[in-house]
Amino acid sequence: MTNEITRQKHEIDALNQAPGRVAAKVVIMLRGKNKPDFTPHIDGGDFVTVLNAGAVKFTGRKLAQKDYYHHTMHPGGLKSISMKKVFDKNPTDVIRRAVYGMLPKNKLRDEMMKRLTIKA
């Protein structure tokens, strides 16, 4: 195995696709699982650009029912915001949150997220 990592550039069109399906494809390329020399502890993934993030298709009633949560770390500090508010404010944030949640929770996650570009 060589010490050099060759990174390719990929574009994914999110037009009329579910955000989770798009995010799953993106994560595979960001991690480098599409390459024959994949190693879990080495960040060998590619650059990924997602196009038409504002034209994704939501199935069911997710826009009205799905909520994103975060905690302020103070007593009673659980905050929630609906997916519809997040999507109306910034459509790219829905896909970014989905990809972030699918990546492994380790030191490599932030470096992988830097190689992701999402365009509405």
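Before any of the text, the structure's been laid out above.
Since the model is a prediction, treat every value here as computed from it, not as a measurement. (Residues numbered from 1 in each chain as written. Predicted model: local features only at pLDDT ≥ 70, side-chain atom pairs only at ≥ 80, totals over all residues. Heavy atoms only, no water.)

Draft legend 1. Local environment of the layout of surface pockets. Counted as a void, the second largest pocket has a volume near 170 Å³. What lines the second largest pocket is Ala18, Pro19, Gly20, Phe58, Thr59, Lys62, Lys66, Tyr68, Met83, Val94, Ala98 and Met102. Of all the secondary structure elements, the ones that give two or more residues to the lining of the second largest pocket are helix H1 (19-31) and helix H4 (91-102). At three residues, the largest contribution of residues to the lining of the second largest pocket is made by H4. (1 Å grid on protein atoms, 1.4 Å probe; cavity = no way out; pocket = protein on both sides within 12 Å on 5 of 7 lines; lining within 4 Å. Points joined across faces, edges and corners; volume = space filled by probe spheres on them. Helix = DSSP H or I, 4+ residues; strand = E, 2+ residues; numbered from the N terminus.)

Draft legend 2. Summary view of the environment of Arg97. In this fold, Arg97 is placed in helix H4. Residues Arg97 and Gly20, spaced 77 residues apart in sequence, show a C-alpha to C-alpha distance of 10.0 Å. Setting aside residues up to four positions removed in sequence, Arg97 forms contacts with Tyr68 and Val86. (Contact = heavy atoms within 4.5 Å.)

Draft legend 3. Spatial organisation of the nonpolar core. Counting residues in each nonpolar core, the largest one holds 26 residues, and the members touching the most others are Val26, Leu30, Val48, Val50, Ile95, Val99 and Leu116. Every element with two or more residues in this core is listed here: H1, strand E2 (47-51), helix H3 (83-89), H4, helix H5 (109-114) and strand E5 (116-118). Examining the composition of this core, we find that six residues originate from one element, H1, more than from any other. Beyond its immediate chain neighbours, meaning those up to four positions away, Val26 contacts Ile12, Val48, Val50, Val99 and Leu116. (Core = buried A, V, L, I, M, F, W, Y, C linked by side-chain atoms within 4.5 Å. Buried < 20%, exposed > 50% of the residue type's maximum accessible area, 1.4 Å probe, protein only.)

Draft legend 4. Spatial organisation of the pairing of strand E1 (residues 9-13). In E1, alternate side chains face the same way, and those of His10 and Ile12 are buried while those of Lys9, Glu11 and Asp13 on the opposite face are not. Across five bridges, E1 lies against E2 in parallel orientation. Each bridged residue has a counterpart across the sheet, and for Ile12 the counterpart in E2 is Val50. In this fold, the crossover linking E1 to E2 by way of H1 has right-handed handedness. (Pairing = 2+ DSSP bridges. Right-handed = clockwise from strand over helix to strand, strands pointing away.)

Draft legend 5. Main features of the environment of Arg7. Examined against the element boundaries, Arg7 turns out to sit in the segment before E1. Put simply, Arg7 and Phe87 are 80 residues apart on the chain and 30 Å apart in space, counted from C-alpha to C-alpha. Of the polar contacts made by the side chain of Arg7, one reaches the backbone oxygen of Asp43; its length is 3.2 Å. Polar contacts involving the side chain of Arg7 include one to the main-chain carbonyl oxygen of Gly45, which spans 2.6 Å. (Polar contact = N/O pair within 3.5 Å; in protein donor to acceptor, adjacent residues only side chain to side chain.)

The quantities given are spatial measurements derived from coordinates; they are silent on function.
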